[in-house]
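Letter by letter, the chains look like this.
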Amino acid sequence: MTEIPQIVEDLYAQLVMIPDEKDWPKYLSGSPAVAQRLYSFYYGLQLGFHLADALRGVPFIPGEE
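Let us look at the structure shown here.

## Focus on the overall build of the protein
Here comes step 1: If you tally the helices and strands in the protein, you get two helices and zero strands.
Here comes step 2: Scored against the burial criterion, the 65 residues of the protein give a buried share of 9%.

Rendered as structure tokens:
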């Protein structure tokens, strides 16, 4: 496995939002690792849609194509 560059660790520490437990759905209470994975996936998915919109020039709305 390759080593992760220090800049990636620094950016992660500065940019990644750790979700507040009071904002979690009830089924995630007491499971911070699962909550972090779900929030990370959600924000990554949003970013992907925004990038797709920028490249396509029109908003991408899933289910309308």
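This is not the end of the story, as more comes after the structure.
## What to know about helix α2 (residues 32-56)
Here comes step 1: With 25 residues, α2 should reach 36 Å at 1.5 Å per residue; the first-to-last C-alpha distance of 36 Å fits that figure.
Here comes step 2: Within α2, the full set of buried residues consists of A35, Q36 and Y39.
Here comes step 3: Taken together, the buried residues of α2 touch α1 (6-15).
Here comes step 4: G57 sits one or two residues past α2 and shows a positive phi near 85°.

## Section: the packing of aromatic side chains
Here comes step 1: In the structure shown here, the tally under the stated rule is one aromatic pair.
Here comes step 2: Relative to Y43, the ring of Y42 has its centre 5.1 Å away and its plane inclined at 70°; by these criteria the two rings are edge-to-face.
Here comes step 3: For Y42, a relative accessible area of 44% translates into the label partly exposed.

Cut-offs used in this document
- Residues numbered from 1 in each chain as written.
- Predicted model: local features only at pLDDT ≥ 70, side-chain atom pairs only at ≥ 80, totals over all residues.
- Heavy atoms only, no water.
- Helix = DSSP H or I, 4+ residues; strand = E, 2+ residues; numbered from the N terminus.
- Buried < 20%, exposed > 50% of the residue type's maximum accessible area, 1.4 Å probe, protein only.
- Expected span 1.5 Å × (residues − 1).
- Contact = heavy atoms within 4.5 Å.
- Phe/Tyr/Trp six-rings, centres within 6.5 Å; stacked < 30°, edge-to-face > 60°.

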